[in-house]
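# Fold and geometry: a report
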Amino acid sequence: MRILLLCHSFNSLSQRLHVDLRRAGHEVSVELDIHDDLTREAVALFMPDLVIAPLLKRPIPANVWRRTLCLIVHPGIRGDRGPSALDWAILEGEKAWGVTLIEARDEMDAGPVWAWREFPMRAARKSSLYRHEVTEAATACVFEAIDRVARGKGPVMPANWGRGRERPACRKSDRILDPTLHCAEEALRILDASDGDPGASLSIAGQAYLAFDAEPAAGLSGLPGALLGRSRQAVAMAFREGALWIGHLRRPEARSLKLPAVRLLGTEATDLLEIAGPEPCRYHEENGVGFLDFRFHNGAMSSEDCNTLREAIVTAKERACPVLVLRGDADCWSNGIHLGMIEHADSAADESWRNINAMNDLVREIIETGDRLVIAAVLGNAGAGGVFLSLAADEVWMRDGVILNPHYKDMGNLYGSEYWTYLLPGRIGEAPARIVTQARLPMGVGEALELGLATRRLPSDIAAADCELHRAVAELTASPDLAGRIAAKRARRARDEAEKPLAAYREEELRRMRRNFYGFDPSYHVARYNFIRKTPKSRTPVTLATHRAGGEMDRRRTML
């Protein structure tokens, strides 16, 4: 079937559908919802059997949906209408929520229903619920609807009705945090509902901010609104009852940067007492296996973050465990260097250089672990340098449903480092490595396994994936050939080093990166600025819009 994905942005759900639909044998193209005329043109060029809208912020043109079946993913239960469905579900403490696949009509969210799924709500940020429960439910709905279309069936309901109701968009006033009025639990619900976009309004020392990335500050209390202390880059704020750690802030101005709270607050935060709080890296041992858990907000890793994780690995390597598991956060494993911190720096080029070198130091620390096997447990999505960070491990165990973007070029033709010119060809071969990095397309676990970017598939459910991870690691640790595998790994690394030192790969990569950062071509700096400040797209990249590229990228991908 020919399927056009029409979306406001090519986000995690859009990428998941792109991967799974192509994997199922459908011909898929993407058009970003920039202008009605471009949407009409895309439909005329591609002539799809079906248009699926995973993420829209405005109606599909009537002369499109009247001629072509258009199905819109609505992140709400049946009967729910309005643009803030998931936000309201969190704010109002819904016990169960869902996704409804609705056919486009004149009235938004009111058309015939083609499929629906419901799921229990968990206490989590909106972005996390979206990446997991909403994405899984939406994917199931889309495939059910495609099956109905293929069998000549129509919608399952003539209109969107059910226990849900029509609600307006969340207003700014619905997202205001008042420490004198709200207890920490109430404030956290507002923060969770506003996570990702647009953030919760909060005043600190008389200055207005938008707050993100919050968690309870157990055992802390104080005068409501007071900052109680700092821990690394987070600050603790007191509420009417209890306190919260606030990890990230941005100023409430268009295109402002979301930054670690301590960095944005400056002396207001750095003068605070350092107290125990959120740790980005936590190490523990179970039955002779070392587990190093790490989490960096949205997978972005600053120079400081890279150094923190590298130091944690150095400390873990002092323990006599034959297996070390690097277990990333289930929302994001890593997306490589921290573009926000780079954009904020006095010299973006200098901070880019510092960040990529810190990332390289981290990757080298993993590669040079010769006395144990290292497992990268990739439970969340990964992009750019984050993919190559995982390849530094001996094995990559990946949760089903994870999406990879193993390329840099969309960031202003960035060359990339993290020893990828050593790691990627070593895993999949020279020719496939060139195609993967040039294709600029998302990849699922199935393709990653076939290519060799992943070595084991974990279940899609997070709890089940963690359970299988522990079982498989215990089995590996008890294996009689573990010592032999470690010895073979050490010998292989020695042969590779003799043939071409790691330092040579790094030098060659950084020579190209230096031109990206300091050269005459400003493409990287322009692309970074537009990405981090969310400048609207003026066109759909031809890597996604195959109807505008003559299908060339599809032909390249099939060569794999």
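Residues numbered from 1 in each chain as written. Predicted model: local features only at pLDDT ≥ 70, side-chain atom pairs only at ≥ 80, totals over all residues. Heavy atoms only, no water.

### Considering the packing of helix 9 (residues 303-316) against helix 11 (residues 348-367)
Our working rule: Every angle, taken between N-to-C directions, lies between 0 and 180 degrees, and every axis is a line fitted to C-alpha atoms, over only the stretch in contact when it is a helix. Comment: elements are numbered from the N terminus, with helices defined as DSSP H or I runs of at least four residues and strands as E runs of at least two. Just so you know how the angles are binned, under 35 degrees is roughly parallel, over 145 roughly antiparallel, 65 to 115 roughly perpendicular, and the rest oblique. Two helices crossing with the near one rotated counterclockwise from the far one by less than a right angle form a left-handed crossing, whereas a clockwise rotation gives a right-handed crossing. We call two residues contacting when some pair of their heavy atoms lies within 4.5 Å.
At a minimum axis separation of 8 Å, helix 9 and helix 11 run at an interaxial angle of 15°. Taken together, helix 9 and helix 11 sit at an angle that is classed as roughly parallel. Helix 9 and helix 11 meet at a crossing whose hand is left-handed. Taken together, the residues of helix 11 that come into contact with helix 9 (itself represented by Ser303, Cys306, Asn307, Leu309, Arg310, Ile313 and Val314) are Glu351, Arg354, Asn355, Ala358, Met359, Asp361, Leu362, Glu365 and Ile366.

### As for helix 16 (residues 462-477)
Helical geometry note: an α-helix holds 3.6 residues per turn, so side chains three or four residues apart project in the same direction. Selection rule: The span expected for a helix works out to 1.5 Å for each residue beyond the first. Here a polar contact is taken to be a pair of N or O atoms separated by no more than 3.5 Å, where protein atoms must pair a possible hydrogen donor with a possible acceptor and residues adjacent in sequence count only if both atoms sit in side chains.
The end-to-end C-alpha separation of helix 16 is 22 Å, in line with the 22 Å expected for 16 residues at 1.5 Å each. Those residues of helix 16 that are buried lie in contact with strand 14 (289-294), strand 15 (323-328), strand 17 (373-378), strand 19 (395-399), strand 21 (456-458) and helix 17 (482-499). Where helix 16 starts, the residue carrying a side-chain oxygen 3.2 Å from the main-chain nitrogen of Ala463 turns out to be Asp461.

### Things to note about the sheet that holds strand 3 (residues 50-55)
Note the cut-off: Whether two strands pair depends on DSSP finding at least two bridges between them.
Taken together, the 6 strands give an open sheet; going across it, the order is 2-1-3-4-5-6, and neighbouring strands pair in mixed fashion. In the strand order of this sheet, the two ends are held by strand 2 (27-32) and strand 6 (113-120), each with one partner. Going across the sheet, the axis of each strand differs from the next one's by a mean of 20°, ignoring polarity. Contacting strand 1 (2-7), strand 2 and strand 3, helix 2 (residues 36-46) runs over the sheet at an angle of about 165° to strand 1.

### A closer look at the packing of aromatic side chains
To keep it simple, the criterion reads: Here a Phe, Tyr or Trp ring, Trp counted by its six-membered ring, pairs with any other such ring whose centre lies within 6.5 Å, and the pair is stacked when the planes are under 30 degrees apart, edge-to-face when over 60, and tilted otherwise. Each residue is assigned to one of three classes by its accessible area relative to the maximum for its type, calculated with a 1.4 Å probe on protein chains only: buried under 20%, partly exposed between the two thresholds, exposed over 50%. Two limits define a charge over a ring: the Lys NZ or Arg CZ must be within 6 Å of the ring centre, and within 35 degrees of the ring normal.
Per the stated rule, a full pass over the model turns up 8 aromatic pairs. Seen from their ring centres, Phe294 and Trp333 are 4.9 Å apart, and the 70° between their planes marks the pair as edge-to-face. Of this pair, Phe294 sits in strand 14 while Trp333 sits in strand 16 (residues 332-334), and the two are 39 residues apart along the sequence. For Phe294, a relative accessible area of 4% puts it in the buried group. For the pair Tyr415 and Trp420, a centre-to-centre distance of 5.6 Å together with 55° between the ring planes defines the contact as tilted. An aromatic cluster is present here, built from Phe388, Tyr408, Tyr415 and Trp420 joined pairwise through their rings. One cation-aromatic arrangement involves Arg2 over Phe46; the distance from NZ or CZ to the ring centre is 4.2 Å. In this structure, Arg456 packs its charged tip against the face of Trp397, placed 4.6 Å from the ring centre.

### Details of the sheet that holds strand 14
Strand order in this open sheet of 6 strands is 13-14-15-17-19-21, and the pairing throughout is mixed. Looking at which strands have only one partner, the edges of the open sheet turn out to be strand 13 (281-286) and strand 21. Sheet twist, expressed as the mean angle between neighbouring strand axes with direction ignored, is 20°. Bridging between strand 13 and strand 14 involves 6 bridges; their strand directions are antiparallel. Among the inter-strand pairings, Glu285 is bridged to a residue of strand 14, identified as Gly290. Seen against the sheet, helix 16 touches strand 13, strand 14, strand 15, strand 17, strand 19 and strand 21 and runs at an angle of roughly 170° to strand 15.

### Digging into the pairing of strand 3
Burial within strand 3 is extensive, with 5 of its 6 residues counted as buried. Sheet analysis places strand 1 next to strand 3, joined by 4 bridges and oriented parallel. Counted as the bridge partner of Ile3 is Leu50 from strand 3. Two strands pair when backbone bridges link them, and strand 3 and strand 4 (residues 70-74) are joined in this way by 3 bridges, in the parallel orientation. Across the sheet, Ile52 pairs through a bridge with Leu71, a residue of strand 4.

### Notes on the environment of His26
Tracing the chain through its elements places His26 in the loop between helix 1 (12-23) and strand 2. Classification of His26 by relative accessible area gives buried; the value is 17%. C-alpha separation for the pair His26 and Gly380, spaced 354 residues apart in sequence, amounts to 25 Å. Setting aside its immediate chain neighbours within four residues, His26 contacts Met1, Ile3, Leu21 and Ile146. A polar contact of 3.4 Å, which involves the side chain of His26, links it to the backbone nitrogen of Met1.

### Overview of the nonpolar core
Across soluble globular proteins, nonpolar side chains have a tendency to be buried as a group. Rules: Buried Ala, Val, Leu, Ile, Met, Phe, Trp, Tyr and Cys residues form a nonpolar core when they are joined through side-chain atoms within 4.5 Å.
Judged by nonpolar contacts, the single largest core of 71 residues is most densely connected at Leu21, Ile52, Leu101, Val235 and Leu249. Per-element tally for this core: the top contributor is helix 5 (residues 126-150), with 9 residues. Filtering out sequence-adjacent residues up to four positions away, Leu249 remains in contact with Ile204, Tyr209, Leu210, Ala211, Phe212, Leu257, Lys258, Leu259, Ala261, Leu264 and Leu265. In this structure, Phe294, Ala384, Met398 and Tyr419 belong to the second largest nonpolar core, which totals 64 residues.

### Describing the pattern of salt bridges
Put simply, the rule reads: By convention in these notes, a salt bridge is any Lys or Arg side-chain nitrogen within 4 Å of a carboxyl oxygen on Asp or Glu.
Counted according to the given criterion, the structure contains 48 salt bridges. Between Arg230 and Glu274 there is a salt bridge, with the nearest N and O atoms lying 2.7 Å from each other. With Arg230 in strand 9 (residues 227-231) and Glu274 in the loop between helix 8 (267-270) and strand 13, this pair connects stretches of sequence that are 44 residues apart. Between Glu365 and Lys317 there is a salt bridge, and its shortest N-O distance comes to 2.7 Å. Taken together, the residues span a long stretch of sequence, with Glu365 in helix 11 and Lys317 in the loop between helix 9 and strand 15 at a distance of 48 residues.

### A closer look at the pairing of strand 10 (residues 234-238)
Counting buried residues along strand 10, 5 of its 5 residues qualify, which places the element largely inside the surrounding structure. Alternating residues of strand 10 divide into Ala234, Ala236 and Ala238 and Val235 and Met237, and every residue in both groups is buried. Judged from the 4 bridges that link them, strand 9 and strand 10 form a sheet pairing that is antiparallel. When the sheet's bridge partners are listed, Gly229 is paired in strand 10 with Ala236.

### Regarding the side chain of Asn405
You can see Asn405 is positioned in strand 20 (residues 404-405). In contact with Asn405, other than residues within four places in its own chain, are Gln15, Ala382, Gly383, Ala384, Val387, Leu441 and Pro442.

### Some details on the state of the cysteines
Put simply, the test is: Disulfides are defined as pairs of cysteine sulfur atoms found within 2.5 Å of each other.
Evaluation of the coordinates by the stated rule reveals 0 disulfides. Here Cys281 is not disulfide-linked; the sulfur of Cys306 is the nearest cysteine sulfur, at 10 Å. Residue classification places Cys306 among the buried positions, given a relative accessible area of 0%.

### With respect to the side chain of Thr135
Locating Thr135 in the fold gives a position in helix 5. Under the relative-accessibility criterion, Thr135 is labelled buried at 3%. A polar contact is formed between the side chain of Thr135 and the backbone oxygen of Tyr130, at a distance of 2.7 Å. Look past the residues within four positions of Thr135 in its chain and what remains in contact with it is Leu13, Arg16 and Tyr130.

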